[in-house]
Amino acid sequence: MTPGQVGIYLCGLTVQSVPHIGHLRSAVTYDVLRRWLLHIGLEVTFVRNITDVDDKILVKSQETGRPFWAIAYANKLVLDADYRSLNVLPPTYEPLATGHITEMQELIRELIERGHAYQSAEGTGDVYFDVSSYLQYGSLSGQLLEDVLSADAPADRGKRHPADFALWKAFKPAEPDDASWPATWGRGRPGWHIGCSAMSRRYLGDEFDIHGVGLDLTFPHHENEIAQSRSAGLSFARYWVHHALLHLGEAKMSKSLGNVIDLRAVLAMGIRPVELRYYLGVPHYRSRLDYSAAALHNAATAYRRIEGFVRRTADVVGPGSPEPLPPAFAAAMDDDLNTSAGLAVVHDTIREGNTALVANDRTGVRTALTEVRAMLGVLGLDPLDPGWLDAESKADLAPIIDSLVALAVEQRARARARKDWATADSIRDRLRNAGIQVEDTAAGPRWTIGRQP
């Protein structure tokens, strides 16, 4: 829309539970898109929201007795950590739904004034969007209005048409007081769909370049976003990008279905975060991905071969600078972000590099290495990227540190057993200076990391 700039809005997670690797496919897909746009010289404003209040979170709150905001915050911390583990660039802005109630109410008010929204006929305080007032409803997904039913609220809550969806949900006595906000049409909370329209408008304006997430949100979520935004006079998104889903068996991986695998389960299989990113990011984003442990391990093996080439050649000619990018790779990425075709160029270049390595052709080795690193950098998979080096060095050092501390604690225990108090105290003091506290308990010595104040 604006030369040299691109605005992207990605529907983020509803944080009623920890993320699964299907969510991480979305993160990796749009991270690759963002990296490619940055590489070709565009300034990218990347907005990814968080839905931190909705029906699912409130149900979880009622089930556990925990405040809804505590559940949302705890799950968001895990989500943030998972994104960092997969070397996903942080968003330019990450708005929370609860932080933008005012903007949502303003948009609802505009829709009421324009005749596209109405308050419940039964005076419940609910506000609905009138789908019959937007003649292009269904144009994104191909749905026919007469075939559409809304799950937002039952018909007996004053809806004019079964497909009308909630913009504002009236407060219910069973829900916590702090999960509702005052409004001129009655105390309550926003519906799910209005949030993305309001937050994208706040951070990207009335019109922006790209909107997207998984195919499962094409309808009703994105269809409803289009209807309410354009009915309010907003041009809204110019392009829609939807990635295919990660399946487990014949069903999509979904929290509601309970067939989910999270990052911690993957790590327990001996798969590193960079290998998971390779598995999620290499197939074309519109290709369905069928999960299996065998496929994941095969992807890890494939990445290790790529990583081995990079590290082996870097030892010979130095890490170099990851540029330039082979034209064939650039053409693949420009062709609807064709990562699978781009990876074929990576493998071709590695073969050339291995041939040069055997021939002791240092110039050829250096050229292949810099091109491979440039391509992997766009995919977020460069083994020499400091983002991976920091994470993996910490992970690699963890068992070493554990063994060394255990050895020191054992030596201290032996010194105490022979009443060599000077040596025991010296070991304890040196551990303390390193930030490790040793406590003598009835069950034996116990150590923790953290300096005492």
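A brief look at the structure comes next. (Residues numbered from 1 in each chain as written. Predicted model: local features only at pLDDT ≥ 70, side-chain atom pairs only at ≥ 80, totals over all residues. Heavy atoms only, no water.)

## Comments concerning the nonpolar core
Right, on to step 1. Within the largest apolar cluster, 111 residues are counted, with the highest numbers of intra-cluster contacts made by Ile21, Leu167, Leu276, Tyr278, Tyr279 and Leu280.
Right, on to step 2. In terms of residue count, helix H9 (residues 293–317) provides more of this core than any other element does, ten residues in total.
Right, on to step 3. What Leu276 contacts, discounting residues up to four positions off in sequence, is Ile21, Leu24, Leu86, Leu263, Val266, Ile271 and Leu296. (Core = buried A, V, L, I, M, F, W, Y, C linked by side-chain atoms within 4.5 Å. Buried < 20%, exposed > 50% of the residue type's maximum accessible area, 1.4 Å probe, protein only. Helix = DSSP H or I, 4+ residues; strand = E, 2+ residues; numbered from the N terminus. Contact = heavy atoms within 4.5 Å.)

## Comments concerning the state of the cysteines
Structurally, a disulfide amounts to a covalent bond that connects the sulfur atoms of two cysteines.
Right, on to step 1. Tallied over the full model, the rule gives zero disulfides.
Right, on to step 2. Between Cys11, a free cysteine, and Cys196, which holds the nearest cysteine sulfur, the sulfur-to-sulfur gap is 3.7 Å.
Right, on to step 3. The class of Cys11 is buried, set by a relative accessible area of 5%. (Disulfide = S-S within 2.5 Å.)

## Some thoughts on the sheet that holds strand S11 (residues 289–290)
Sheets are built from strands that pair by backbone hydrogen bonding, the pairs being arranged parallel or antiparallel.
Right, on to step 1. Spatially, three strands are ordered S10-S9-S11 in an open sheet, and the strand pairing comes out mixed. At either end of the open sheet lies a strand with only one pairing partner, and these are strand S10 (251–252) and S11.
Right, on to step 2. For strand S9 (residues 246–248) and S11, the ladder comprises two bridges, and the chain directions are parallel. Considered in S11, the bridge of His247 is made with Asp290. (Pairing = 2+ DSSP bridges.)

## A closer look at the side chain of Ser229
Right, on to step 1. The topology assignment puts Ser229 in helix H6 (residues 218–231).
Right, on to step 2. A polar contact of 2.7 Å, which involves the side chain of Ser229, links it to the side chain of Ser197.
Right, on to step 3. Not counting residues within four places of it along the chain, the set of residues in contact with Ser229 comprises Ser197, Leu234 and Phe236. (Polar contact = N/O pair within 3.5 Å; in protein donor to acceptor, adjacent residues only side chain to side chain.)

## A look at the packing of helix H5 (residues 192–204) against H6
Right, on to step 1. Where H5 contacts H6, the axes come no closer than 9 Å and their chain directions differ by 55 degrees. Relative to H6, the element H5 is oriented oblique. Considering only the axes of H5 and H6, their crossing is right-handed. Counting all contacts with H5, which are made through Trp192, His193, Ile194, Cys196 and Ser197, the residues of H6 involved are Pro220, His221, Asn224, Glu225, Gln228 and Ser229.
Right, on to step 2. Looking at side-chain class alone, the contact of H5 with H6 contains four nonpolar, six polar and one charged residues. (Axes fitted to C-alpha atoms, helices over the stretch in contact; angles between N-to-C directions. Parallel < 35°, antiparallel > 145°, perpendicular 65-115°, else oblique. Left-handed = near helix turned anticlockwise from the far one by under 90°. Nonpolar A, V, L, I, M, F, W, Y, C, P; charged D, E, K, R; others polar.)

## What to know about the pairing of strand S2 (residues 43–48)
Right, on to step 1. Strand direction decides the pairing type here: strand S1 (residues 5–10) and S2, joined by six bridges, are parallel. If you follow Tyr9 over to S2, its bridge partner there is Val47.

## Examining the pairing of strand S7 (residues 207–214)
Right, on to step 1. Taken across its eight residues, S7 has seven buried, putting it largely inside the fold.
Right, on to step 2. In this structure, S1 lies alongside S7, joined through three bridges in parallel fashion. Its bridge partner lying in S7, Ile8 is registered against Ile210.
Right, on to step 3. Note that S7 and strand S8 (residues 236–243) share seven bridges and pair parallel. Its bridge partner being in S8, Val213 is matched across the sheet by His242.
Right, on to step 4. Each parallel crossover has a hand, and for S7 linked through H6 to S8 it is right-handed. (Right-handed = clockwise from strand over helix to strand, strands pointing away.)

## Here we look at H9
Residues spaced three or four apart along an α-helix face the same direction, because each turn holds 3.6 residues.
Right, on to step 1. Spanning 25 residues, H9 covers 36 Å between terminal C-alpha atoms, matching the ideal 36 Å at 1.5 Å per step.
Right, on to step 2. For H9, the full list of buried residues reads Leu296, Ala299, Ala300, Ala302, Tyr303, Ile306, Glu307, Phe309, Val310, Thr313, Ala314 and Val317.
Right, on to step 3. Just downstream of H9, Gly318 is the residue with a positive phi angle, here 85 degrees. (Expected span 1.5 Å × (residues − 1).)

## Some words on the side chain of Asn49
Right, on to step 1. Looking at where Asn49 falls in the secondary structure, it is placed in the loop between S2 and helix H2 (55–64).
Right, on to step 2. For Asn49, the side chain forms a polar contact with the side chain of Tyr9, separated by 3.4 Å.
Right, on to step 3. At 2.7 Å, the side chain of Asn49 and the backbone nitrogen of Gly12 are in polar contact.
Right, on to step 4. The contacts of Asn49, once residues within four sequence positions are left out, are Tyr9, Leu10, Cys11, Gly12, Leu13, Pro95, Cys196 and Met199.

## What to know about the pattern of salt bridges
Right, on to step 1. As enumerated under the stated definition, the model contains 28 salt bridges in all.
Right, on to step 2. We note a salt bridge from Glu275 to Arg304, for which the minimum N-O separation is 2.6 Å. Taken as a pair, Glu275 in helix H8 (residues 273–281) and Arg304 in helix H9 lie far apart in primary sequence, 29 residues in all.
Right, on to step 3. With a relative accessible area of 38%, Arg304 lands in the partly exposed category.
Right, on to step 4. In this structure, the salt-bridge partner of Arg414 is Glu410, at a minimum N-O distance of 2.5 Å. Residue Arg414 and its partner Glu410 are located together in helix H13 (residues 386–417), separated by four residues, close to a single helical turn.
Right, on to step 5. Look at the salt bridges and you will find they share partners, linking Arg272, Glu275, Arg304, Glu307 and Arg311 into a network. (Salt bridge = Lys/Arg side-chain N within 4 Å of Asp/Glu carboxyl O.)

## Details of the sheet that holds S1
Right, on to step 1. A sheet is described by the order of its strands in space; here four strands give the open sequence S2-S1-S7-S8, paired in parallel fashion. The sheet is open, and its two edges are formed by S2 and S8, each paired on a single side. Here the average twist between neighbouring strands, direction ignored, is 25 degrees.
Right, on to step 2. On the sheet, helix H1 (residues 21–39) packs against S1, S2, S7 and S8 and is oriented at approximately 125 degrees with respect to S8.
Right, on to step 3. Across the sheet, H5 touches S1, S2, S7 and S8, and the angle it forms with S1 is around 155 degrees.

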